[in-house]
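One letter stands for each residue in the lines below.
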Amino acid sequence: MLEAILLTVVTAATPLLLAAIGELVVEKSGVLNLGVEGMMVMGAVAGFAVTITTGSPFLGVLGGAVAGVLVSLIFAFVTLTLVANQVASGLALTLFGLGLSGLIGESFVGQPGIKLQSLYIPGLTDLPFVGKLLFGQDILVYLSFASVFGVSWFLNRTRGGLILRAVGDNHASAHALGYPVIGVRYLAVMFGGAMAGLGGAYMSVAYTPLWVENMTAGRGWIALALVVFASWLPWRAVFGAYLFGTVTVLQFHAQALGIGFPSQFLSMLPYLATIVVLVAISGNRRATLFNTPASLGKPFVPDR
Amino acid sequence: MKKLALLAGTALAFAIGAVSGAAAADKLKACWVYTGPIGDFGYSYQHDQGRLAVEKALGDKVETAYVENVTEGPDAERVFERFAREGCGIVFGTSFGFMDAELKVAKKFPDVKFEHATGYKSAPNMGLYNARFYEGRYILGQIAAKESKKALAGYIVSFPIPEVVMGINAFMLGAQSINPDFKVKIVWVNSWFDPGKEADAAKALFDQGADIIVQHTDSTAAIQVAEERGLKGFGQSSDMIKFAPKAQMTAIVDDWGPHYIKAVQAVLDGTWKADDVWEGIKDGTVHMAEYANMADDTKKLAEETQAKIVGGWNPFTGPIVDQDGKERYAAGVVAPDGDLLGMNWYVKGVDDKLPQ
């Protein structure tokens, strides 16, 4: 039973984690992209469409990432090159993504998808309890963890990460030092788009192999919240995504067991648990402020 | 976001109006207002299939128009009014939440005919229509009781409204008619539509021992989980057999086509009047997808029950005892429609508490 619950938690948490890690990097560069939901849903429709057309879920996943990047470029162009308001542009990106994905996906409604196969290593995957959990996931689950490692290492241990953080903390100084603020931010936004696209593709190719309009059902917003929850620390994002997934799955089990709590209260629990933990871990305000990118959401115009 | 969708919808209505303005005046224009996208492969999708059936059946005698993604509530009024002004002969409001807006517009345009789905307010030029989905759910209950090896079904539900409660009760009455000890585990996902949550709920129910899944939510996610696990389930709103060729035993399909054709034909003939129709399997509005993936005698039983319902028998025929052991309907008494439409109690054997 525990193994079954954990397996379900992994699928529930992975799309959130993928999108959150992407947005974390975007925000670390000082850009607030509220369009995660729009990029995710574009990733979902592209992932599904490519999978169905080519018959290959791998290509589908790739297609999801590409779609995410393409949509994020619109946002990057509008906010970085044209210096439009980031909040408004991000919201517009979400609306745009939801609409466009519905249009693209129209002919794919009602078609069964092809599911991304899980890994199978003879011997290892058959191990009791840990086998399926550790060695029997699909490739995106491993990728989500690899990206957490990668992002964590990049931000803290590389020169590139240092530049990105500098751009996010004080873009004027970074610019004065000769770093390409806009270029760095473009790359960060594209990375965020790719990860959100992967998260969306995970929904339509691995989680529930189907396409219907608006199928991400608000997960982009949860990913956005997780970034703040994680106070911009990659490992905390893992914790947040899995906490949220665990409580979501557990409340279904609680209902099925007939615990007798009102279901509305149980549906609320994942959010409640996340807020409670957020309050608990942000007790150290100095540390939280230290991690917050100081230029977050502020527009940057070079020669001013 | 919803506002924008409405704006888009209104703009679409404009566009349609502009196109149809050139059409011949002797054609009847029939118009539909949907609350969801027609791409939901569920509720609004099935209504749109009904619209297409009208086009197919009545050919060049009619032209049709629709607006999707219309927000329920006062905002819908503009869409109805636009349709009324544009010369629609009959307007169908397909969702419960359009009721007051549609009624208001109906009173303003006495010459235009209106029909509203699943509501209870009417006018001399506004009729009501609904479908007796519970008839199908009774059959699902019987199938589940015959086919489950554990006498336990998992039931995924959206919101505690009478329509859903009625469905759970009909399902249990059907199951108990085969096995009085049949049990059901109920999980509320508090959403009509969230494939991810529906899949998680299905997994939780299977993990807790259910081997058949029933759903009153819109997506195919739950039945796909059943397929993956080699277990069984039922489709909802649409025939989902493509998604679960080995798992779907049958599906309750909303087939609004027959009613829409009848209503539009009546307008053409000049015989339309504001009616209150609640049609079921007999009329073809509720359609059972092919019985598959079950034992032959289960299939035979399902077909017999279906024939009995077509013959006029109502699954809500007493004796019916509620959860607390109180007899609600004595032997032979049929629950009146009004009771069904306001149902807020469980029948005996349902192990769940209704939020009051």
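Residues numbered from 1 in each chain as written. Chains lettered and ligands numbered in written order. Predicted model: local features only at pLDDT ≥ 70, side-chain atom pairs only at ≥ 80, totals over all residues.

Take the overall build of chain A next. A tally of regular secondary structure across chain A gives 13 helices and zero strands. Along chain A, helices and strands appear, N-terminal first, in the series α-α-α-α-α-α-α-α-α-α-α-α-α. The C-alpha atoms of chain A give 19 Å as radius of gyration, which agrees with the globular expectation for 304 residues (19 Å, within 12%). Reported as C-alpha extents along the three principal axes, the dimensions of chain A are approximately 60 × 45 × 40 Å. (Helix = DSSP H or I, 4+ residues; strand = E, 2+ residues; numbered from the N terminus. Rg over C-alpha atoms; globule rule 2.2 N^0.38 Å.)

Helix and strand counts for chain B stand at 11 helices and 14 strands. Taking 356 residues into account, the globule formula puts the C-alpha radius of gyration at 21 Å, and chain B, at 21 Å, falls close to it. If one aligns the C-alpha atoms of chain B with their principal axes, the spans along those axes are about 60 × 40 × 40 Å.

A separate point is helix H1 (residues 2–28) of chain A. Residue and element names in this part refer to chain A. The end-to-end C-alpha separation of H1 is 36 Å, in line with the 39 Å expected for 27 residues at 1.5 Å each. Of all 27 residues in H1, 20 are buried; the element is thus mostly enclosed. Gly30 sits one or two residues past H1 and shows a positive phi near 95 degrees. (Expected span 1.5 Å × (residues − 1). Buried ≥ 20, exposed ≤ 12 C-beta atoms within 10 Å, placed from the backbone.)

Turning next to the interface of chain A and chain B. Taken together, the contacts link 34 residues of chain A with 32 residues of chain B. Counting residues per element, the ones that place at least two in the side of chain A that touches chain B are H1, helix H4 (86–105), helix H9 (181–207), helix H11 (234–257) and helix H12 (263–281) of chain A. If one sorts the elements of the side of chain A that touches chain B by residue count, H11 of chain A sits on top with seven residues. (Contact = placed C-beta atoms within 7 Å.)

What follows deals with the pairing of strand E1 (residues 28–33) of chain B. Residue and element names in this part refer to chain B. Along E1, five of the six residues are buried, which leaves the element largely enclosed by surrounding structure. Relative to strand E2 (residues 62–67), E1 runs parallel, the two sharing six bridges. Within the sheet, the bridge partner assigned to Ala30 lies in E2 and is Thr64. Between the parallel pair E1 and E2, the chain is carried across by helix H2 (residues 43–58), and the sense of this crossover is right-handed. (Pairing = 2+ DSSP bridges. Right-handed = clockwise from strand over helix to strand, strands pointing away.)

On to the sheet that holds strand E5 (residues 126–131) of chain B, then. Residues and elements named next belong to chain B. Taken together, six strands build an open sheet; the order of strands is E2-E1-E3-E4-E5-E11 and the sheet is parallel. Edge strands, defined here as strands with exactly one partner in the open sheet, are E2 and strand E11 (276–279). Adjacent strand axes in the sheet meet at a mean angle of 20 degrees when their direction is disregarded. For E5 and E11, the ladder comprises four bridges, and the chain directions are parallel. Bridge pairing links Tyr129 to Val277 in E11. Docked against the sheet, helix H4 (residues 99–108) engages strand E3 (90–93), strand E4 (113–117) and E5, running at close to 170 degrees with respect to E4. (Axes fitted to C-alpha atoms, helices over the stretch in contact; angles between N-to-C directions.)

Okay, the packing of helix H2 (residues 36–54) of chain A against helix H3 (residues 57–81) of chain A next. Residue and element names in this part refer to chain A. As a packed pair, H2 and H3 sit with axes 7 Å apart at the nearest point and diverge in direction by 145 degrees. The chirality of how H2 crosses H3 is right-handed. On H3, the residues touching Gly38, Met39, Met42, Gly43, Ala44, Ala46, Gly47, Phe48, Val50, Thr51 and Thr54 of H2 are Pro57, Leu59, Gly60, Val61, Gly63, Gly64, Ala65, Val66, Ala67, Gly68, Val71 and Ser72. Classifying every residue of the contact of H2 with H3 by side-chain character gives 13 nonpolar, 10 polar and no charged. (Left-handed = near helix turned anticlockwise from the far one by under 90°. Nonpolar A, V, L, I, M, F, W, Y, C, P; charged D, E, K, R; others polar.)

So, about the domain arrangement of chain B. Residue and element names in this part refer to chain B. Along its sequence, chain B is carved into domain 1 (2–131) and domain 2 (133–253 + 287–341). For domain 1 and domain 2, the distance between their C-alpha centroids amounts to 31 Å. Contact residues are listed per partner, giving seven residues for domain 1 and six residues for domain 2. Among the elements that take part in the side of domain 1 that touches domain 2, H2 stands out by supplying three residues, more than any other. Among the residues forming the side of domain 1 that touches domain 2, the class breakdown is four nonpolar, two polar and one charged. (Domains from an automatic or database assignment.)

Let us now look at the pairing of strand E8 (residues 212–216) of chain B. All names here are of chain B. The element E8 is extensively covered by neighbouring structure, given that five of its five residues are classed as buried. In E8, alternate side chains face the same way, and those of Ile212, Val214 and His216 on one face and Ile213 and Gln215 on the other are all buried. Sheet topology note: the strand E6 (residues 152–157)/E8 ladder contains five bridges and is parallel. Residue pairing for E8: Ile156 is matched across the bridge by Gln215. The pairing of E8 with strand E9 (residues 232–237) spans two bridges and is classified as parallel.

Time to look at the nonpolar core. Across soluble globular proteins, nonpolar side chains show a tendency to be buried alongside one another. Ala20 of chain A together with Val33 and Val91 of chain B are the most contacted members of the largest nonpolar core, which totals 188 residues. Lining this core are residues from two domains, each supplying at least three of them: domain 1 (2–131) and domain 2 (133–253 + 287–341) of chain B. The contact partners of Val33 of chain B, leaving out residues within four places of it in the chain, are Val67, Val70, Ala76, Val79, Phe80, Val91, Phe92, Gly93, Thr94 and Phe98 of chain B. (Core = buried A, V, L, I, M, F, W, Y, C linked by C-beta atoms within 7 Å.)

Packed helix pairs are specified by the crossing angle of their axes together with the interaxial distance, meaning the distance between the axes. Residue and element names in this part refer to chain B. Where helix H5 (residues 133–147) meets helix H10 (residues 296–310), the closest approach of the two axes is 10 Å, and the angle between their N-to-C directions is 160 degrees. Judged by the inter-axis angle, H5 sits roughly antiparallel to H10. As for how H5 packs across H10, the hand of that crossing is right-handed. From H5, Glu135, Ile139, Gln142, Ile143, Lys146 and Glu147 reach across to H10, where they touch Thr298, Leu301, Ala302, Thr305, Gln306 and Ile309. Of the residues contributing to the contact of H5 with H10, the split by class is five nonpolar, four polar and three charged. (Parallel < 35°, antiparallel > 145°, perpendicular 65-115°, else oblique.)

In this model, Gly318 of chain B is joined to Pro319 of chain B through a cis peptide bond whose omega is 5 degrees. With phi around 60 degrees, Asn214 of chain A is a residue other than glycine that occupies positive phi space. Its place among the elements puts Asn214 of chain A in the loop between H9 and helix H10 (219–229). A count of 22 C-beta atoms within 10 Å places Asn214 of chain A in the buried class. Even without being glycine, Ser231 of chain A reaches a positive phi, approximately 40 degrees. Given 20 C-beta atoms within a 10 Å radius, Ser231 of chain A is considered buried.

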